[in-house]
Amino acid sequence: MNVVQATLSGALIGGLYALMAIGLSVTWGVLRVINLAHFGLILIGAYLTLQFATSWGIDPLLTLVITVPLMFVAGAALQWLFDRLSLSEFNSLLVSFGLLIITIQVASNVWTADFRRMSADVNPYATESISIGRLVFPVTTLVAFGLAVVVVIGGHLVLRRTFAGRAMRAIAQDSAVAGAFGVDHRRLSLLLGGVVGATAALAGSVFSLSNALTPETAYEWFGTVFAVVILGGIGEVLGTFVAGILVGVLSGVVSVVWSPATAPFVLFSAIILALLVRPRGLFTIGAVR
């Protein structure tokens with residue numbers, strides 16, 4: 001029963017991993033920008049949720065009405081900067097890492113480096129759970145999984161069924177040729193950057209519901225999120241979601257069967273083996289490119 005609980009709980013937590021990774025994956029796949037500052041947007045989104053819920057007494061999920069537009073603008077501004085600098089993939093990695101460090105320092109100055117968590121009186125979701133027999137599912141993980149499903153389905157439909165989505169896929173193939181056929185690369189880049197920022201707000205808000213925050217938390221996301229991006233395939237929407245669930249399940253089961261300390265070793269060993277078999281990622285479904 002412990003293994004079943006760990007499997008199902010891991011799958012739900014994998015929804016959060018996918019929510020964190022989707023923006024990074026699509027930006028990398030479409031715009032050829034490795035945007036590490038995305039982790040900074042998630043961090044700020046989490047802190048803003050905590051701040052609004054604690055200081056203003058707003059329901060944590062309702063803070064999305066504020067944080068999503070703010071992070072949309074921040075994401076679009078970041079993409080505008082990358083376009084203005086005409087950065088290569090490698091240079092975008094360096095520049096965005098510098099921006100991430102700045103963001104972490106700003107968060108430390110504003111909210112201090114101490115661990116902060118929403119108290120139960122402002123966060124009713126932290127102690128709520130749904131039981132099915134002997135299985136228990138925290139509401140926070142259900143919310144994260146539900147939001148991930150909505151984002152994945154919405155993103156997949158947009159990329160496959162709309163003109164903007166087809167234009168983005170054309171940009172991913174060859175931006176110069178797409179431009180020759182009338183695709184406005186810069187405008188679509190700003191739009192995609194804004195949407196990626198909005199997904200960062202969603203991920204940050206959900207993360208803050210059940211976890212303590214410290215500015216250095218952003219560094220802790222690196223390994224898991226990049227594992228999801230690489231396993232799912234760079235630029236894959238549905239693949240990222242499936243990879244997030246796989247990573248969550250694997251981490252959860254290993255933590256129960258062996259120990260939590262063993263989970264990262266097993267996870268990254270599995271990633272190495274998987275990439276030896278399929279270098280482009282395990283789940284090449286719903287590709288952007």
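Here goes a summary of the coordinates provided. (Residues numbered from 1 in each chain as written. Predicted model: local features only at pLDDT ≥ 70, side-chain atom pairs only at ≥ 80, totals over all residues. Heavy atoms only, no water.)

**Overview of the packing of helix H1 (residues 2-31) against helix H2 (residues 37-56)**
1) Next: Across the interface, H1 lies against H2 with an axial gap of 10 Å and an inter-helix angle of 145 degrees. Here the hand of the crossing between H1 and H2 comes out right-handed. On H2, the residues that touch Met20, Gly23 and Leu24 of H1 are His38, Phe39 and Ile42.
2) Next: A per-class count over the contact of H1 with H2 returns four nonpolar, two polar and no charged. (Axes fitted to C-alpha atoms, helices over the stretch in contact; angles between N-to-C directions. Helix = DSSP H or I, 4+ residues; strand = E, 2+ residues; numbered from the N terminus. Left-handed = near helix turned anticlockwise from the far one by under 90°. Contact = heavy atoms within 4.5 Å. Nonpolar A, V, L, I, M, F, W, Y, C, P; charged D, E, K, R; others polar.)

**Some words on the pairing of strand E2 (residues 135-138)**
1) Next: Alternating residues of E2 divide into Leu135 and Phe137, all buried, and Val136 and Pro138, none buried.
2) Next: Inspection of the sheet shows strand E1 (residues 129-132) paired to E2 by four bridges, in the antiparallel sense. Residue pairing for E2: Ile130 is matched across the bridge by Phe137.
3) Next: Where E1 folds back onto E2 in an antiparallel hairpin, the turn is made up of two residues, including Gly133, whose phi is positive at roughly 65 degrees. (Buried < 20%, exposed > 50% of the residue type's maximum accessible area, 1.4 Å probe, protein only. Pairing = 2+ DSSP bridges.)

**A closer look at the environment of Gly204**
1) Next: Mapped onto the fold, Gly204 is located in helix H8 (residues 185-210).
2) Next: A sequence separation of 41 residues divides Gly204 from Phe163, and the C-alpha atoms of the two residues are 30 Å apart.
3) Next: For Gly204, the contacting residues outside a window of four places in its chain are Ile42, Gly45 and Ala46.

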